[in-house]
Amino acid sequence: MSAREAILRADKAHVWHPYTQMRRYLDEVEPLVLSRASGSYLYDVDGRRYLDASASWWVAVLGHGHPRLLRALREQAEKMGHVAFAGITHEPAAMLAKELCAVAPAGLSHAFFSDDGSTAVECALKMALQFRSFHGARPRRFVALEGAFHGDTLGCTSVGGVEVFRRPFADVVIDCVHVPVPEAGEDHGQSRAVQALVELVEKEGASIAAVVVEPLVQGAAGMRMVRPEYLRALDAACKKHDVLWIADEVFTGYGRTGTMWATEQAGVVPDILCTAKGFSGGLLPMAATLVSDRIFDAFATGDRAFYYGHSFCGNPLGAAVAREVLAVFREERVLETIQPKIAKLRAAFEAFTALPGVVRTRSLGMIGALDLATSSSYLGTRGWGVYEAALARGAWLRPLGDTVYITPSLTIADAELDELLGIVEASVRAVAGP
Ligand SMILES: *Cc1c(COP(=O)(O)O)cnc(C)c1O
């Protein structure tokens, strides 16, 4: 039996994959069987390579196997793999918190560590609920955007607005109002969507625990983009009515939108900011929830405590790698080096508007997306034709329904980006005809 066959046999007998209809998977799907990943490429057990168009679901911001991250991981592993984090501290976590707060939006001064994007958001939701209870309020309701994705724990599902992810749990989720997102072409500062949000905050502010938002880009919704004016209006309304807001930068942080944080581009600072994915360079599960002094100080009063934590809180391996990610951003000037790549990506997606079957395209930072249907949906099937065509051409290009997108690593080489853009174009043409 070949290595591929042995792995596939064990997989199909015992593994349950995420976001996957398992009957169809077992009967029809031939998954990639990978053995190695390096830079922008994934390698299968037979040595075939594929460009990783999404940086493995948006995590590998510095590409796979970055030598500096590997060295930091090895060195830390030799010293201390993991220890508890209550009444104990250590260099990797303490210095990471300091270095992270130094590059965070001004005023976010404390970091709470957890495991992944979902726990970073879960933590933010619980902080907001407990913070509000200190003021005698009993807010039970969150506000989020239609189509939002904030992770898959029950709290995160509650604020999530992707209908397919939410529906099975709709009877048990905590209360959340989903407000509309400004339409493309609308004035994002003045649109009806903004008015709906402002009105809600004004009227119901006392009953709102927090407003949660993916700044500038809703990732899982299909790379739906919202302009900075919207964030500014949201920030102003929340400040005016003393409502907390949470920026979920799990996807948008670490240069994905062209700046370190997406909130920067709107010149606003949230009360709480969540970071994961690129935070640890996609090497280890590690996340942080950053808070303002106002929130931290409220918890540091009297005998209050934040009753929350995870076994792997402050994990030294993840922390050492996350520190090294920040060092690479500083020393290799990652945010500067991506600017020409951003321009190239933008020009290519503007040109893709003319491709057959393409309804519209958009880009921001190192994100480019195109829709193959007018009302693009997560359960749409058109993107999957492009997926197959791209795989045959050497790229792993998993779509979001009818939306085909790329979010390559920020360190992708120019020639690799050219190759990837060429594969996107050829694959769309292959599916839609000449
Ligand atoms: C991926 C994602 C999450 C969840 O992160 P996990 O690491 O998958 O738990 C939360 N919010 C946003 C915006 C994301 O893109």
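All figures in this text were calculated on a predicted structure; none of them were measured in a lab.

**Q** So what exactly am I meant to see when it comes to the sheet that holds strand 1 (residues 34-38) here?
**A** Either a parallel or an antiparallel arrangement is found when strands of a sheet pair, and the pairing is made through backbone hydrogen bonds. Taking strand neighbours across the sheet as the criterion, the 4 strands line up as 1-2-3-15 in an open arrangement whose pairing is mixed. The sheet is open, and its two edges are formed by strand 1 and strand 15 (395-396), each paired on a single side. In this sheet, strand 2 (residues 41-44) lies alongside strand 1 in antiparallel orientation, the contact comprising 4 bridges. Within strand 2, the position partnered with S38 by the bridge is Y41.

**Q** Teacher, can you tell me more about the pattern of salt bridges here?
**A** It is possible for side chains bearing opposite charge to pair when their charged atoms get close. In this structure the tally under the stated criterion is 24 salt bridges. A salt bridge links D44 to R48, with the nearest nitrogen and oxygen atoms 3.3 Å apart. Of the charged contacts in the structure, one is a salt bridge between R362 and D371, with a shortest N-O distance of 2.9 Å. Residue D371 is classed as buried on the basis of its relative accessible area, which comes to 2%. Within this structure, R4, E30, D44, D46 and R48 form a network of salt bridges that share partners.

**Q** Could you clarify how one ought to interpret the domain arrangement of the protein chain in this entry?
**A** By a widespread convention, an interface's size corresponds to the accessible area lost as its parts come together. Looking at the assigned domains, one finds that the protein chain contains domain 1 (32-65 + 338-432) and domain 2 (67-331). Relative to domain 2, the C-alpha centre of domain 1 lies at a distance of 26 Å. When the buried surface of domain 1 facing domain 2 is broken down by residue, W58, L62 and L364 rank first, second and third, together holding 29% of it. Listing elements by their share of the side of domain 1 that touches domain 2, those giving two or more residues are helix 3 (55-58), helix 14 (339-352), strand 13 (360-364), strand 14 (367-371) and strand 16 (403-406). For the side of domain 1 that touches domain 2, a count of residues per class yields 19 nonpolar, 7 polar and 1 charged.

**Q** I keep staring at the packing of helix 14 against helix 16 (residues 414-432) and nothing clicks. Help me out?
**A** Between helix 14 and helix 16, whose axes approach to 11 Å, the crossing angle comes to 15°. When the interaxial angle is binned, helix 14 and helix 16 end up roughly parallel. Crossing geometry of helix 14 relative to helix 16 is assigned as right-handed. Together, K341, K344, L345, A348, F349 and F352 of helix 14 and D414, L417, D418, L421, V424 and E425 of helix 16 make up the contact between the two elements. Partitioning the contact of helix 14 with helix 16 into residue classes produces 7 nonpolar, no polar and 5 charged.

**Q** What am I meant to see in helix 15 (residues 382-392) here?
**A** Quick reminder: α-helices carry 3.6 residues per turn. Residues three or four places apart thus point the same way. Of all the positions in helix 15, only G383, V386, Y387, A389, A390 and L391 are classed as buried. Those residues of helix 15 that are buried lie in contact with strand 3 (49-52), strand 15, strand 16 and helix 16. Immediately downstream of helix 15, the backbone of G394 shows phi near 95°, a positive value.

**Q** How should I be thinking about the pairing of strand 2 in this particular structure?
**A** Burial along strand 2 is two-sided: Y41 and Y43 facing one way and L42 and D44 facing the other are all buried. Linking strand 1 to strand 2, which pair antiparallel, is a turn of 2 residues; within it G39 sits at a positive phi near 60°. Sheet analysis places strand 2 next to strand 3, joined by 3 bridges and oriented antiparallel. In the strand pairing of strand 3, Y41 is matched with L51. Once strand 2 ends, the chain turns through 4 residues before running back antiparallel as strand 3, passing G47 with a positive phi of about 85°.

**Q** What is the right way to look at a nonpolar patch on the surface in this model?
**A** Among the surface-exposed residues, L154, F169 and V172 lie close enough to one another that they form a single nonpolar patch of about 280 Å² accessible area. Its place among the elements puts V172 in the loop between helix 8 (163-166) and strand 6 (176-179).

**Q** What is the right way to look at the sheet that holds strand 13 in this model?
**A** The strand order across the open sheet built from 3 strands is 13-14-16, with neighbouring strands paired in antiparallel fashion. Both edges of this open sheet fall to strand 13 and strand 16, since each of them pairs with a single strand only. Within this sheet the neighbouring strands show an average axis-to-axis angle of 15°, counted without direction. Direction of pairing for strand 14 relative to strand 16: antiparallel, over a ladder of 4 bridges. The residue of strand 16 that forms the bridge with L370 is V404. Each of strand 13, strand 14 and strand 16 is contacted by helix 14, which is oriented at about 170° to strand 13, the strand it contacts most.

Cut-off values and rules
- Residues numbered from 1 in each chain as written.
- Predicted model: local features only at pLDDT ≥ 70, side-chain atom pairs only at ≥ 80, totals over all residues.
- Heavy atoms only, no water.
- Pairing = 2+ DSSP bridges.
- Helix = DSSP H or I, 4+ residues; strand = E, 2+ residues; numbered from the N terminus.
- Salt bridge = Lys/Arg side-chain N within 4 Å of Asp/Glu carboxyl O.
- Buried < 20%, exposed > 50% of the residue type's maximum accessible area, 1.4 Å probe, protein only.
- Domains from an automatic or database assignment.
- Buried area = accessible area lost by both parts, 1.4 Å probe.
- Nonpolar A, V, L, I, M, F, W, Y, C, P; charged D, E, K, R; others polar.
- Axes fitted to C-alpha atoms, helices over the stretch in contact; angles between N-to-C directions.
- Parallel < 35°, antiparallel > 145°, perpendicular 65-115°, else oblique.
- Left-handed = near helix turned anticlockwise from the far one by under 90°.
- Contact = heavy atoms within 4.5 Å.
- Patch = residues over 30% accessible without salt bridge, like charges linked within 9 Å, V, L, I, M, F, W, Y side chains within 5 Å.
- Areas by Shrake-Rupley, 256 points an atom, 1.4 Å probe, with all protein chains shown as cover.

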